[in-house]
Amino acid sequence: MFEKRLTLDAVRFLNSRCFVLAFHAPEIARAARPGQFLMLAASDGIEPLLRRPMAVYQILESSGEPVGFSVLVERTGKGTTLMSKMQAGDEVAVLGPLGSSFAPPGDATAEAVLVMGGVGAAPFPLFARALLEAGHTTRAFIGGRTSEHLLCAEDFAALGVPVTQATDDGSAGHHGLVTAALTEYLSGCDGPVAIYSCGPTPMMRAVDSIASARGLPHQVSLEAPMACGIGVCLSCVVPAVDEAGGWRYRRICREGPVFDASTLLWEHPDD
Amino acid sequence: MTERRPADLGVDVGSLRLKNPIMLASGTVGYGEEIGELVDLSELGGIVVKGLSLEPVTGNRPQRIAETPGGMLNSIGLQNVGVEAFVRDKLPNLRRYDTRVIANIWGKTVQDYAAVAARLDQAEGVHALELNVSCPNIKEGGISFGTDPKQLHEVTAAARAATSKPLWVKLAPGVTDIGLIARAAEEGGADALSAINTIRGMMVNVESRAPMLSTVFGGYSGPGLLPIALYLLFEIRKATPLPLIGIGGINELEHVLQFMIVGACAVQIGTANFYDPTFSSRVVDELAQWCRNHEIDSLAELVGSLRLPRQG
Ligand SMILES: Cc1cc2nc3c(=O)[nH]c(=O)nc-3n(C[C@H](O)[C@H](O)[C@H](O)COP(=O)(O)OP(=O)(O)OC[C@H]3O[C@@H](n4cnc5c(N)ncnc54)[C@H](O)[C@@H]3O)c2cc1C
Ligand SMILES: Cc1cc2nc3c(=O)[nH]c(=O)nc-3n(C[C@H](O)[C@H](O)[C@H](O)COP(=O)(O)O)c2cc1C
Ligand code: FES
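These numbers come from a predicted model, not from an experiment.

Caption draft 1: Broad picture of the overall build of chain B. What chain B contains, in helices and strands, is 8 helices and 16 strands. The C-alpha radius of gyration of chain B comes to 19 Å, within 12% of the 20 Å expected for a compact globule of 312 residues. With the C-alpha coordinates aligned to their principal axes, the bounding extent of chain B is approximately 65 × 50 × 45 Å. Classification of the 312 residues of chain B by burial places 58% in the buried group. Excluding contacts between residues fewer than 6 apart, the proportion of contacts in chain B whose partners are at least 24 apart in sequence is 70%. About 13000 Å² of surface is accessible on chain B, with carbon and sulfur atoms providing 51% of the total. Side-chain charges of chain B comprise 28 positive and 34 negative groups, with the mean position of each set lying 3 Å from the other.

Written as structure tokens, this is what we have:
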């Protein structure tokens, strides 16, 4: 991991709420793996105090060499609103890359099915590229509340990855939940499949019941409020099974954000 | 022209010499493993590890933090690996560094504190113990050790009897008369006092109308703590001659200097490690530069040099 003050290279708005911040940072670009994240300062001062966790969206290349990265941000609160006002040339404190990454399917012949909701799509175009390079057939299911919340479809299209979209309000793609489209697709599959998901917790849980009902491997990328991003504050924990058959807390920033879903306890064991 | 030699930043916390007054505060740097990837711990005066108990502790259920104006709340619940695993798995890595390792310890009973202190007394590479007394004494109706002079005296004396290593007591801010508390720790046998720990606070989510922390309230830390901590240190300074360690809200050199002028011989950086993880090593350099600029040869010149205004 690197702690840097980076100059913001470019800002690009995708719609009224979502934007991409691009940075020149060769060391981070070389080290970053799909699914990893960074801690970005939203301001130079102490308001807001804590940095914001953001997934690595793109690795930017020049003559085939990694030279930078970008993050895809949805404006939701104080920090992301400040980020939406950043301009090229601004200096931003960045720590990363952090945490675990998505691993390609263990079965070399498996198809990879990526399921994402809202800004949870951010880490997947990079991962899709790695999957295609490793020879895996790859397919994306994108869900969102409205058409404004459907992200990354063009990225997948550019990679030649087939996309199925669903919105809660029917403003684009299937009317309804992306998990319904997923179930329908999986019913017609007979080869090996590995599932990957990132998005709102109810979505990931629903994807996990679909995956476990079919005995499919499933990796999830989790979110939690984070103070440090490096594993020292113990704020971002999630209950997970341990080797001895009990459970213990795992740090989303360190052992995660990407977990093998079968190790997670969606219900807190004390409930 | 002769080049002035680099300022000597060494300070003495009682019998324990630190190479400089900058330490990392308990609970904000784990056991040094991860922060060691960003900061060379050998450049610092010391590191205080996450509060250790006799047995491993799972900690509170999430949500464990909330950001606030000027700071943050936490209710980690003292999650830690336990003293045995610390000595076995974590201490060897810390011993690679040329820095002071201070073990922060806590318990639910006086006997717990004494047992953890006795275990660490035997652990090579632990240079001092710091008692976190901001936890409830389950045998005395759950009143926090740090708020009752009698209990604080008892727990300090018990830890004192269990170790010959330097013993620091870390005071909690939520008390009526901090001077009284400080004297109780002194009389119990403390070698130094650190102040302050977090102060209780809460935040509410207006949409769900639920508290932001699963435990309802938690410990407030960060920039907003600075003036409170400085004032309490000032009161403690008046009450006891013990060496003091300033903690609370530090994120600039200026804050370090303020603590030292009020009377701290060393300081600990806490929450700043989260939002500015390399601040601690930067501030060591800034302090050296400041001393050169001000022609200060020893930090002892600074400690307790507060000039009070004429009253009346
Ligand atoms: C590993 C990881 C990767 C992420 N990747 C992205 C990404 O690529 N793009 C993107 O837009 N968002 C991403 N998020 C979510 C993003 O961090 C939050 O939306 C952001 O922190 C909100 O900050 P705010 O100040 O705008 O919101 P506020 O509500 O004002 O924030 C208040 C506090 O809560 C925290 N918080 C609020 N929402 C979240 C959340 N969903 N997850 C974690 N902390 C939260 C904030 O960090 C802050 O400490 C990611 C989160 C994690 C944990
Ligand atoms: C997440 C977190 C965990 C903490 N854990 C401990 C602990 O285990 N023992 C302890 O004595 N203090 C603990 N503290 C208190 C700090 O060491 C420090 O006293 C306090 O945060 C004030 O300093 P600051 O404003 O620089 O953070 C913790 C603080 C935070 C923010
Ligand atoms: S955010 Fe601090 S431990 Fe994960």
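Now that the structure has been shown, the text picks up again.
Caption draft 2: Structural view of the side chain of B:Gln268. All names here are of chain B. Mapped onto the elements, Gln268 comes out in strand β16 (residues 264-269). Given the relative accessible area of 1%, Gln268 is considered buried. Of note is the side chain of Gln268, whose polar atom sits 3.1 Å from the side chain of Glu130.

Caption draft 3: Structural view of the site of ligand 1. As a matter of local geometry, ligand 1 sits amid 21 residues, with A:Pro53, A:Leu72, A:Gly79, A:Thr80 and A:Glu223 nearest to it. More than one chain lines the surroundings of ligand 1; the residues nearby belong to chains A and B. A distance of 2.8 Å is found between an oxygen atom of ligand 1 and a side-chain nitrogen or oxygen belonging to A:Arg52. At a separation of 2.5 Å, an oxygen atom of ligand 1 approaches a polar backbone atom of A:Gly79. For ligand 1, the protein covers 81% of the area, taking 830 Å² as the surface of the free molecule. Among the secondary structure elements, those contributing two or more residues to the shell around ligand 1 are β4 (52-55), β6 (65-74) and α2 (78-84) of chain A. No other element matches β4(A), which puts 4 residues into the shell around ligand 1.

Caption draft 4: Just the pairing of strand β1 (residues 2-13) of chain A, in detail. Residue and element names in this part refer to chain A. By the bridge criterion, 6 bridges tie β1 to strand β7 (residues 91-98) in an arrangement that is antiparallel. What sits directly across from Glu3, in β7, is Leu95. The turn joining β1 and strand β2 (residues 18-24), which pair antiparallel and follow one another in sequence, is formed by 4 residues.

Caption draft 5: View of the pattern of salt bridges. Scanning the entire structure with this criterion turns up 24 salt bridges over all chains. The salt bridge partner of B:Asp12 is B:Arg17, with a shortest N-O separation of 3.1 Å. Looking at B:Asp12, the relative accessible area reads 43%, which means it is partly exposed. Judged by relative accessible area, which is 37%, B:Arg17 ranks as partly exposed. When salt bridges with common partners are traced through the structure, they connect A:Arg5, A:Asp44 and A:Glu91 into a single cluster.

Caption draft 6: The environment of A:Gly99, seen in detail. Among the structural elements, A:Gly99 can be located in the loop between β7 and β8 (111-117). A:Gly99 sits in the partly exposed class, given a relative accessible area of 25%.

Caption draft 7: Representation of the sheet that holds strand β7 (residues 100-105) of chain B in the model. Residues and elements named next belong to chain B. The sheet built from 8 strands closes into a barrel, its strands ordered β3-β4-β7-β8-β9-β10-β15-β16 with parallel pairing. The average undirected angle you get between the axes of adjacent strands in this sheet is 25 degrees. The pairing of strand β4 (residues 46-52) with β7 spans 5 bridges and is parallel. Within β7, the position partnered with Val48 by the bridge is Ile102. Across the sheet, helix α1 (residues 83-94) lies against β4 and β7, angled at about 165 degrees from β4, the strand it touches most. Against the sheet, helix α4 (residues 178-188) touches β9 (167-171) and β10 (192-195), its axis set at about 160 degrees to β9.

Caption draft 8: Structural context of the packing of helix α5 (residues 178-187) of chain A against helix α6 (residues 201-213) of chain A. All names here are of chain A. Relative to each other, α5 and α6 sit at 15 degrees, their axes nearing to 10 Å. Relative to α6, α5 is oriented roughly parallel. Of the two possible hands of crossing, α5 and α6 adopt the one that is right-handed. Contact residues: Val178, Thr179, Leu182, Thr183 and Leu186 in α5; Met203, Ala206, Val207 and Ile210 in α6.

Caption draft 9: Looking closely at helix α5 (residues 226-239) of chain B. Residues and elements named next belong to chain B. Taking 1.5 Å of rise per residue, the 14 residues of α5 would be expected to cover 20 Å, and the 20 Å separating its terminal C-alpha atoms lies within 8% of that figure. Along α5, the residues that are buried comprise Leu226, Ala229, Leu230, Leu232, Leu233, Ile236 and Ala239. Tucked into the core, α5 has its buried residues touching β9, α4, β10, β15 (244-247), α6 (253-262) and β16.

Caption draft 10: A look at a negative patch on the surface. Residues B:Asp40, B:Glu43, B:Glu252, B:Glu254, B:Asp285 and B:Glu286 make up a contiguous surface patch of negative charge. Relative to the assigned elements, B:Glu286 resides in helix α8 (residues 279-293).

Caption draft 11: Up close: the sheet that holds strand β14 (residues 217-221) of chain B. Residues and elements named next belong to chain B. Taken in spatial order, the 4 strands line up as β5-β6-β14-β11 in an open sheet, and their pairing is antiparallel. Every interior strand has two partners, whereas the edge strands, β5 (65-68) and β11 (199-202), have only one. Within the sheet, the average angular offset between the axes of one strand and its neighbour, ignoring direction, is 40 degrees. Two elements, strand β6 (residues 71-74) and β14, share 3 bridges in a ladder whose sense is antiparallel. Across the sheet, the residue bridging to Leu73 is Tyr220, located in β14.

Caption draft 12: Looking closely at the site of ligand 2. All names here are of chain B. In the vicinity of ligand 2 there are 23 residues, among which Ser26, Asn104, Lys170, Gly249 and Thr271 approach most closely. Measuring from an oxygen atom of ligand 2, one finds a backbone N or O atom of Gly270 at 3.1 Å. For ligand 2, whose free accessible area comes to 610 Å², the fraction covered by protein is 98%.

Reading the values: rules and limits
- Residues numbered from 1 in each chain as written.
- Chains lettered and ligands numbered in written order.
- Predicted model: local features only at pLDDT ≥ 70, side-chain atom pairs only at ≥ 80, totals over all residues.
- Heavy atoms only, no water.
- Helix = DSSP H or I, 4+ residues; strand = E, 2+ residues; numbered from the N terminus.
- Rg over C-alpha atoms; globule rule 2.2 N^0.38 Å.
- Buried < 20%, exposed > 50% of the residue type's maximum accessible area, 1.4 Å probe, protein only.
- Contact = heavy atoms within 4.5 Å.
- Areas by Shrake-Rupley, 256 points an atom, 1.4 Å probe, with all protein chains shown as cover.
- Lys, Arg positive; Asp, Glu negative; His and termini not counted.
- Charge placed at Lys NZ, Arg CZ, Asp CG, Glu CD.
- Polar contact = N/O pair within 3.5 Å; in protein donor to acceptor, adjacent residues only side chain to side chain.
- Near = heavy atom within 4 Å.
- Pairing = 2+ DSSP bridges.
- Salt bridge = Lys/Arg side-chain N within 4 Å of Asp/Glu carboxyl O.
- Axes fitted to C-alpha atoms, helices over the stretch in contact; angles between N-to-C directions.
- Parallel < 35°, antiparallel > 145°, perpendicular 65-115°, else oblique.
- Left-handed = near helix turned anticlockwise from the far one by under 90°.
- Expected span 1.5 Å × (residues − 1).
- Patch = residues over 30% accessible without salt bridge, like charges linked within 9 Å, V, L, I, M, F, W, Y side chains within 5 Å.

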